Amino acid sequence: MTPQETLTRVAAEAKDALARAGSTADIDSVDVEYLGRKGQLTGLLRLVGSLAPEERPVFGQSVNAHKDEITEAMAAKRAELAATERIARLAADAVDVTLPGKGHWVGGWHPITRQMQAVKTALISMGYSFAEYPDIEHYHYNFETLNYPPDHPAFDEQMSFYIDDNHLLRTQTTAFQAHVMEARKPPIRAATIGKCYRYEAVDATHSHTFHQVDLLAVDEGLTLADLKGTFAHLVRILFGEVEIRFRPDFFPFVEPGVEVAIRWGDRWLELGGAGMVHPNILESMGIDSERYTGFAWGLGVDRMPMAKYGIDDIRLFVENDLRFLRQF
Amino acid sequence: MKLPVEWLREFVETPLSDQELADKLTMAGLEVEEITDSDDGPVFHTKVTPNRGDWLSIVGTAREAAAALDCPLNWQAPMLPEEDPDITRWAGVLVVDPRLCPRYAGKVIRNVNHAPTPDWMQKRLLAAGMRPIDIVVDITNYVMLELGQPLHAFNYDALPEGRVVVRPTTVGESIITLDGVERALPEGTLAICDKDKPVCVAGVMGNAETEVDQTTRHIFLEAAHFDPISIRRTSKLLGLTTEASYRFERTVDPNLVPIALERAADLFADLAGGEVVLGRIDLYPQPILPKEIALRPSRVNAILGTDHSNEVISHSLERLGLKVAEHDASYQVTVPTYRSDLVKEIDLIEEVARMVGYENLPETLPVGPGAGAGDEPWGIFAENLRDALTGLGLQEVFTHTLAASSPFDDPKSQAQRVTIRQALSAELSGLRVTLLPNVLDVVAFNLRQRQGDVRVFEVGKTFRLSSDVVAPYLERRHIAVALTGRETPRDWASGDQGAVSYYTAKGIVDGLLAELRLPKAEYTPEVVHGMHPGRGAAIMIDGQRIGYVAELDPDAVKRDLDVPASVGRIAVFELDAEALLALAVDNRRYHPLPKYPTVSRDLAIVVDKAALYGDIERIAKAVVDRTLLEELSVQSIYEGDRVAAGKKSVAIRLTFRAADRTLTDAEVDAQMNAVENSLINQVGASKR
């Protein structure tokens, strides 16, 4: 056989072997067998010596042309097989993605503290600074500084837990007002949030302990309209676009006094008391009530999540049933 | 107060429906809480604010409605019959202290016939919530409901010579009130007395002896104005509140006294055949006059944020029966005696706002300083705490600060417990000294609900007595955590991973401290009340005890917690949150990332079973070059056949790294030898 004939035969065999390859491993064998350093096709170059000098370049080029052709075909076939094999490999590694994931304990805030935090965040964004004050309050701060006349029926609304002659559990976070005004002069933008206590029989809507957010603003030129706008703004942040109601009410520490409510479903949800800080209080704090005016409110926090989530029994908040708490 | 609507409409004519009228009153400040039905038709239930005693009557409410509706009131103070000396033949009154009783009036009605109370009056009384009793009592109640002035009818024949003395009681006086109870009267109680003894607690309740009954022929009828504070004190001291005292406490118009008296006398004549003795006693040495209050219209708008005209302002006040006289830029407003709540300019400003309607106020936002607004450090820290603990898979709970004493309270702390005076129940007897007892109640409650995996925390105040006279009560915020059930949630892949233990709780403490970027804690064995004596430790940071971590004493769980018998271990910790806040100073500095590799070496030693790992770690750390030691960790603890009885094997791993070079074996060997020798010498370790 002439070298040229041998070349033709070997090249044909190589192509045949390539065509028969069923895996990338088969391709690798074909590669070694024909194109490797000791491969059959590569080996044909050694036959160059047996050729006439003028035939040598032509034969060499011919061998290389076959090599290139086979290399290209091999790459294409390899890619094809690799893709098939990859699909098979990963298919074998597939899982049932509908099975549950591995367990993690998931915690959460209590609905009341979560609500308190939401109120805080909203009021801070509106320019009010927060601080906490004692739960055990002096009578002086809980009542006297709040313009309660001695022996007034207004006390009947606030049956108190007394600890000694002078101290009680605060009946309203409004007790913070004099603390603030003792420490600071106007302009004042202050707020507090916390527990309050009144002797009440516990039922679905009453508890001896409840939570209040109190706000106090004292400045030049503050008006009842400002109070209304401020309340409306807070309500929008917390509840979205709901109707608000301002209605006259009486609290010794404000004049004019307001009961604030929001429209919730088909009824008015009373959120608390508000009004313009009574001039008697400003004067007793050494603040000129002609130059400065103030507004204040004390809103019930517990009612907010009750309304929002349709919770019908306030006792659920302190029962702390995990099946209840995990709903929020 | 319950007001039959038809009675109310007698004094105010309006085409509004009952609901519309109720809404109008509500928006004027007199809330109509509900409208119910009665034999006398619909009834308003009003919620009268404590400043508005004048709303405790039909006419007073009608007056408010007329003002709110801006329509006339169909009631006018009647012309009173002339004074007549005839009355002095029948009765005499002496008021000892006119400050407590500024006005006292009386009339005598003879030969009342005790006819049945007319049906219409009975219906009105019932609808208003009062039980018809007898024509005499019914008439006094009826007039009180109509006008707001309490009246008291005495059996004239039980008052010797018709003489009464209004005076404070002296020591040791008592009375049997008409509810049959004998009451000792504190000295100074204002009483209506005959010549010897009290026959009526002024403004509150009369006695049995002078009570009117079916046999009474003649009556002495009293109408008076008492000092509201005096009545309130008496009512509180005696624990006795009546329709009369309720009204007197809230101030009754002193000018109603003769009006109500004559109105009742007329009814006695009309309905009970009474012969009204001419004239009346009316002791009123210092008449209470209408108040004059100055009002600046400009101030009205400055407070309300409105631009009402002077006409709107003055008309608003006139609707309420106030008289407005203009002086320059200011008004002189005359306030009738039935509005004792109006004292200052600001009170009149509220009246204008009410009449114009709060619903018509504009909504504005105040301009001005909000810069620098924020939360105090505790508030921010508490938020971080809650985020960290919930991130660690714990559910927050929120319990009452008022709580009964618990078996899990350390008896040593009970002397410091803050207690409530005259507590009505154990649950309301005092304030919690620590958080854990409440949190354990939550655990027990959930276990009883068959919630087996409970991982909860609370952040809140605890309370203690202090020895400081100025600040006798200490409030301190704590964190408490309680865990029971499985270590990790059961899932199909992993199966059960075991139950929580001391180490679970301790891991959460460390995780919490790391999350809050607080220094690492050290743990020293400690026996805590209610806790397992071998599974509890004090948590120390920088030498300061910030709390403890422990498992509950299993016997205490069985004895003191109401839990199912299947309960497993309960692991807990309680920390002083304020101590943590004080430690949470962020002084972190950046450390360049390491350039050179680490070298790790393991060391296994055998020590007494009782030896503490903490000691091994401390001793090892004391002897190595700390600039080279990157980490020291425990790899495993082994107790069993392969070590001697009473011993355990502890495998630790030390990881070294130098900042400026690759460490040589020789350098690391030297460190390891030092550690090994130290452990052999100091804890009697032997190498495995």
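Nothing here was measured: the structure is a model prediction, and the numbers come from that model. (Residues numbered from 1 in each chain as written. Chains lettered and ligands numbered in written order. Predicted model: local features only at pLDDT ≥ 70, side-chain atom pairs only at ≥ 80, totals over all residues.)

## Regarding the overall build of chain A
No. 1: The helix and strand tally for chain A stands at 12 helices and nine strands.
No. 2: The C-alpha atoms of chain A give a radius of gyration of 43 Å, which is well past the 20 Å a tight globule of 328 residues would have.
No. 3: Based on the C-alpha atoms only, the size of chain A along its principal axes is roughly 130 × 45 × 40 Å.
No. 4: Across chain A, contacts joining residues at least 24 apart in sequence account for 65% of those joining residues at least 6 apart. (Helix = DSSP H or I, 4+ residues; strand = E, 2+ residues; numbered from the N terminus. Rg over C-alpha atoms; globule rule 2.2 N^0.38 Å. Contact = placed C-beta atoms within 7 Å.)

## Looking at the domain arrangement of chain A
No. 1: Assigned domains of chain A: these are domain 1 (3–92) and domain 2 (111–325).
No. 2: Between the C-alpha centres of domain 1 of chain A and domain 2 of chain A the distance comes to 89 Å. (Domains from an automatic or database assignment.)

## Here we look at the environment of A:Gly273
Residue and element names in this part refer to chain A.
No. 1: Structurally, the position occupied by glycine 273 is in strand 8 (residues 267–277).
No. 2: A residue is classified by how many C-beta atoms lie within 10 Å of it, and glycine 273, with 23 of them, is buried.
No. 3: The residues contacting glycine 273, other than those within four sequence positions of it, are Asp249, Phe251, Gly257, Val258, Glu259, Trp297 and Gly298. (Buried ≥ 20, exposed ≤ 12 C-beta atoms within 10 Å, placed from the backbone.)

## A word on the packing of helix 11 (residues 310–319) of chain B against helix 12 (residues 345–356) of chain B
Relative placement of two packed helices is described by the angle separating their axes and the distance separating the axes.
All names here are of chain B.
No. 1: Interaxial distance between helix 11 and helix 12 falls to 9 Å at its minimum, and their mutual angle equals 90°. Put simply, helix 11 runs roughly perpendicular to helix 12. Residue-level contacts link Val312, Ile313, Ser316, Leu317 and Arg319 of helix 11 to Leu348, Glu351, Val352, Met355 and Val356 of helix 12. (Axes fitted to C-alpha atoms, helices over the stretch in contact; angles between N-to-C directions. Parallel < 35°, antiparallel > 145°, perpendicular 65-115°, else oblique.)

## Some thoughts on unusual backbone geometry
No. 1: The linkage connecting A:Pro186 with the following residue, A:Pro187, adopts the cis geometry, with an omega of 0°.
No. 2: If you trace the backbone, A:Pro187 turns up in the loop between helix 7 (176–183) and strand 4 (188–197).
No. 3: Backbone torsion omega between A:Glu255 and A:Pro256 reads -5°, so that peptide bond is classified as cis.
No. 4: For B:Asp70, which is not glycine, the phi dihedral falls at a positive 55°.

## Let's talk about the interface of chain B and chain A
No. 1: Taken together, the contact between chain B and chain A spans 77 residues of the former and 76 residues of the latter.
No. 2: In terms of residue count, the dominant contributor to the side of chain B that touches chain A is helix 13 (residues 377–391) of chain B (seven residues).
No. 3: Broken down by class, the residue content of the side of chain B that touches chain A amounts to 34 nonpolar, 23 polar and 20 charged. (Nonpolar A, V, L, I, M, F, W, Y, C, P; charged D, E, K, R; others polar.)

## Points about the pairing of strand 9 (residues 292–300) of chain A
All names here are of chain A.
No. 1: The buried fraction of strand 9 amounts to eight of the nine residues, a majority that puts the element mostly inside the structure.
No. 2: The pairing of strand 5 (residues 209–220) with strand 9 spans nine bridges and is classified as antiparallel. Within the sheet, the bridge partner assigned to aspartate 214 lies in strand 9 and is glycine 298.
No. 3: As paired strands, strand 8 and strand 9 are joined by five bridges and run antiparallel to one another. Its bridge partner being in strand 9, glycine 272 is matched across the sheet by leucine 299. (Pairing = 2+ DSSP bridges.)

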